[in-house]
Amino acid sequence: MTVEGGLDEPSELEPAPGSLHLAAPEDAWTAADWEREAAAVLRKARRLGADDADDLVWSRLARTTLDGIAVTPLGIPQDLSALETSGRPQRQGPWDVRAFVDGREARLANEEALVDLDGGVTSLWLKVDGDTDLDVLLDRVLLDLAPVVLDGADPARAAAYLKGRELHPDTNLGVPAAAATAETARAAQRLEVRGFVIDATTVHDRGASDAQELGWSMAAGAAYLRTLTAAGLSVDEAAGLVEFRYAATDEQFPTIAKLRAARRLWARVLETSQASTRELRLHAVTSRPMMSKYDPWVNMLRTTVAAFAAGVGGADSVTVLPFDSPLGRPEALGRRVARNTSHLLIDESHVAQVADPAGGSYAVEKLTDDLARAAWEVLGRLDDGGDLELEIAETVARREAEIAKRTRPITGLTEFPNLDETLPERRPTDEWDDVRRYGASFEALRDEPASGPVHLVALGTVAQHTARATFASNLFAAGGIAVTTDVDGHRVACVVGTDAAYDEQGAETAAALRESGVEWVVVAGKPRDWADDSCAMGVDALDFLTRTRERLA
């Protein structure tokens, strides 16, 4: 092999595959060793029985995605046997830091865009409509340096505005691929920019799984290629005019795998279309549905993980949505934090120094392969006339059930809610009207707090009742229900304590509560015959909270 500079690399110095050991012989651990040590920990935690085989740790520790794909707790070399690893990310260096700006109020949007550009944003994603004044919106924006993607613009009007201007080649007229025409394609070619977007976030926002998002995008891409080739363009010309947009979530490894799988899938579509190119221009946007309007500061953590995963997954452009977006139009703080998230990852964490940092990771490669295959099956079903909306509805139902039982927790909403928080006030916007936020059911409860508190009745010492008191208080708060230790005039009471205390004092305590006017007695823990309801780990929290609120009404 010849390296840069013309010198031959001495191949005789390369070790044989599998022969390089970086540890002393006594430190060379095997998968069986890991199984044994992990099993010991699970037995202490009572998640594995004394007679259970050690290799059960794989199923105990694996997490299953909504597509039914197991996310392994540990990658091993065998995971890569017979795997396809084409479509690796090719981006070199930093990703394009792309800010989203609602440009329908052109003057305000122009001010926000200029601040973002001065703060280090390198491109703009602008939502416009037929009445948007592009002269005002793009005033003082250096279009040769900062690519712009126009979302919602009339293509002919946008092309006329951009004609004669020096444009960055990553500029995009932003036309949905489903509306692609030869006229728009030719206009984009004359401007030497892209013309179309396949926006998979539209199905993600409705609740689609990763495989459904990918499968839909490939179906849309194939239809787009057929449309433009039928209009006289070559496959390569059509492929060069489109950009794909995907959602990046706070599920780090599935997001990395999704973006890597997207490249592999599109490469396969192009191959079957007899294209010579395999290029996919990929724009990643931090997920809207994962964000919460309650405790919105946690959104900073969610979007940081999502942006990291997008960068590692090879996104060419990354948009971090401001933490206050669910509340309305973001203000200066939210926009600054959003753009600086990418800068911290690029300039301080050096995440962009390696083109494909996840490449070769056993677990990520396996997850990428599994997700790509699942998405290809979705594409096949769509080609056969399958009903994607029905599949999405089934995914939404599974996700909602997991959120209701808090096995898919949402920090600040279903976990550790703060009923006393004061939310930042933001100008209303319709930008999120079509977004199905994952925590919407719990947010609806918080929007209308319960009419009264639950009386918390503690049995035993503080050390004995604290764990269940904390659990119950957080659970009630997730449904907009406050708790109090005040003893007078409450319709619902919750008894908290140890099982032993329940055996000794529970029935007597419940009788006394009813005598004092309490109409509904709840016990924190397993059901008891002296209680009307119970709450414990694994309870359908949404159902439980709804019942409790009805008793408080």
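Please read these numbers as outputs of a predicted model, since none were measured by experiment. (Residues numbered from 1 in each chain as written. Predicted model: local features only at pLDDT ≥ 70, side-chain atom pairs only at ≥ 80, totals over all residues. Heavy atoms only, no water.)

Caption draft 1: Region of interest: the overall build of the chain. Check the secondary structure of the chain and you find 18 helices and 15 strands. Projected onto its principal axes, the C-alpha positions of the chain cover 85 × 65 × 50 Å. A total of 553 residues make up the chain; the buried ones form 51% of that total. Partitioning the intrachain contacts of the chain with sequence separation of at least 6 by distance along the chain shows that 73% fall at a separation of at least 24. For the chain, the exposed surface amounts to about 26000 Å²; the carbon and sulfur share of it is 52%. The centroid of the 58 positive side-chain charges in the chain is displaced by 2 Å from the centroid of its 91 negative side-chain charges. (Helix = DSSP H or I, 4+ residues; strand = E, 2+ residues; numbered from the N terminus. Buried < 20%, exposed > 50% of the residue type's maximum accessible area, 1.4 Å probe, protein only. Contact = heavy atoms within 4.5 Å. Areas by Shrake-Rupley, 256 points an atom, 1.4 Å probe, with all protein chains shown as cover. Lys, Arg positive; Asp, Glu negative; His and termini not counted. Charge placed at Lys NZ, Arg CZ, Asp CG, Glu CD.)

Caption draft 2: Summary view of the pattern of salt bridges. Applying the stated criterion across every chain, the model contains 51 salt bridges. Among the salt bridges present, the one from R36 reaches D33, with a minimum N-O distance of 3.1 Å. A residue pair is termed a helical-turn pair when its members lie 3 or 4 positions apart in one helix, as R36 and D33 do in helix 1 (residues 31–44) at three residues. According to the relative accessible area criterion, R36 is partly exposed, its value standing at 38%. (Salt bridge = Lys/Arg side-chain N within 4 Å of Asp/Glu carboxyl O.)

Caption draft 3: Summary view of the pairing of strand 13 (residues 492–496). Counting buried positions along strand 13 gives five out of five residues, so the element sits mostly inside the fold. Side-chain alternation along strand 13 places V492, C494 and V496 on one buried face and A493 and V495 on a second face that is also buried. Relative to strand 14 (residues 520–524), strand 13 runs parallel, the two being bridged by four bridges. Looking across to strand 14, one finds that A493 is bridged to V521. In terms of handedness, the path from strand 13 via helix 17 (residues 499–515) over to strand 14 forms a crossover that is right-handed. (Pairing = 2+ DSSP bridges. Right-handed = clockwise from strand over helix to strand, strands pointing away.)

Caption draft 4: Spotlight on helix 13 (residues 362–383). With 22 residues, helix 13 should reach 32 Å at 1.5 Å per residue; the first-to-last C-alpha distance of 32 Å fits that figure. Buried residues in helix 13 make contact with strand 2 (70–71), helix 8 (210–230), helix 10 (252–272) and helix 14 (388–404). The first or second residue beyond helix 13 is G385, which carries a positive phi of 90°. (Expected span 1.5 Å × (residues − 1).)

Caption draft 5: Looking closely at the packing of helix 15 (residues 440–447) against helix 18 (residues 541–552). The contact between helix 15 and helix 18 brings their axes to 11 Å, and the two run at 20°. Comparing the axis directions of helix 15 and helix 18 gives the class roughly parallel. Considering only the axes of helix 15 and helix 18, their crossing is left-handed. Each of S441, F442 and L445 in helix 15 lies in contact with helix 18, whose residues at this interface are A541, L542, L545 and R549. Its residues placed into classes, the contact of helix 15 with helix 18 shows five nonpolar, one polar and one charged. (Axes fitted to C-alpha atoms, helices over the stretch in contact; angles between N-to-C directions. Parallel < 35°, antiparallel > 145°, perpendicular 65-115°, else oblique. Left-handed = near helix turned anticlockwise from the far one by under 90°. Nonpolar A, V, L, I, M, F, W, Y, C, P; charged D, E, K, R; others polar.)

Caption draft 6: How the structure looks around the environment of V354. Relative to the helices and strands, V354 resides in the loop between helix 12 (332–348) and helix 13. Expressed as a C-alpha distance, the spacing of V354 and A315, which sit 39 residues apart in the sequence, is 13 Å.

Caption draft 7: Layout of the nonpolar core. L124, L126, F196, Y224, Y246, C494 and L545 are the most contacted members of the largest nonpolar core, which totals 151 residues. The contact partners of L124, leaving out residues within four places of it in the chain, are R98, A99, V101, A113, L117, V141, P147, V148 and V149. In terms of nonpolar packing, the next biggest core, distinct from the first, is built from seven residues, A39, L42, L48 and V57 among them. (Core = buried A, V, L, I, M, F, W, Y, C linked by side-chain atoms within 4.5 Å.)

Caption draft 8: Expanded view of the packing of aromatic side chains. Within this structure, the stated rule accounts for eight aromatic pairs. With a centroid separation of 4.8 Å and 50° between ring planes, the pair formed by W34 and W58 is classed as tilted. Residue W34 is located in helix 1, and its partner W58 is located in helix 2 (residues 57–61); the two are separated by 24 residues in the primary sequence. Judged by centre distance (4.7 Å) and plane angle (70°), the rings of F100 and W125 are edge-to-face. In this pair, F100 is assigned in strand 3 (residues 96–102) and W125 in strand 4 (residues 123–127), connecting sequence segments 25 residues apart. (Phe/Tyr/Trp six-rings, centres within 6.5 Å; stacked < 30°, edge-to-face > 60°.)

Caption draft 9: Representation of the pairing of strand 7 (residues 194–199) in the model. With six of six residues buried, strand 7 is to be regarded as a mostly interior element. Strand direction decides the pairing type here: strand 6 (residues 172–176) and strand 7, joined by three bridges, are parallel. Its bridge partner being in strand 7, P176 is matched across the sheet by V197. In the classification by handedness, the crossover that spans strand 6, the intervening helix 6 (residues 182–191) and the parallel strand 7 is right-handed.

Caption draft 10: The packing of helix 16 (residues 462–478) against helix 18, seen in detail. In the contact formed by helix 16 and helix 18, the axes pass within 9 Å of each other and the chain directions differ by 80°. When the interaxial angle is binned, helix 16 and helix 18 end up roughly perpendicular. In this structure, helix 16 uses L475, F476 and A478 to contact helix 18, whose residues at the interface are A541, F544, L545 and T548. Its residues assigned to classes, the contact of helix 16 with helix 18 comprises six nonpolar, one polar and no charged.

Bear in mind that shape data such as this cannot, by itself, settle questions of function.
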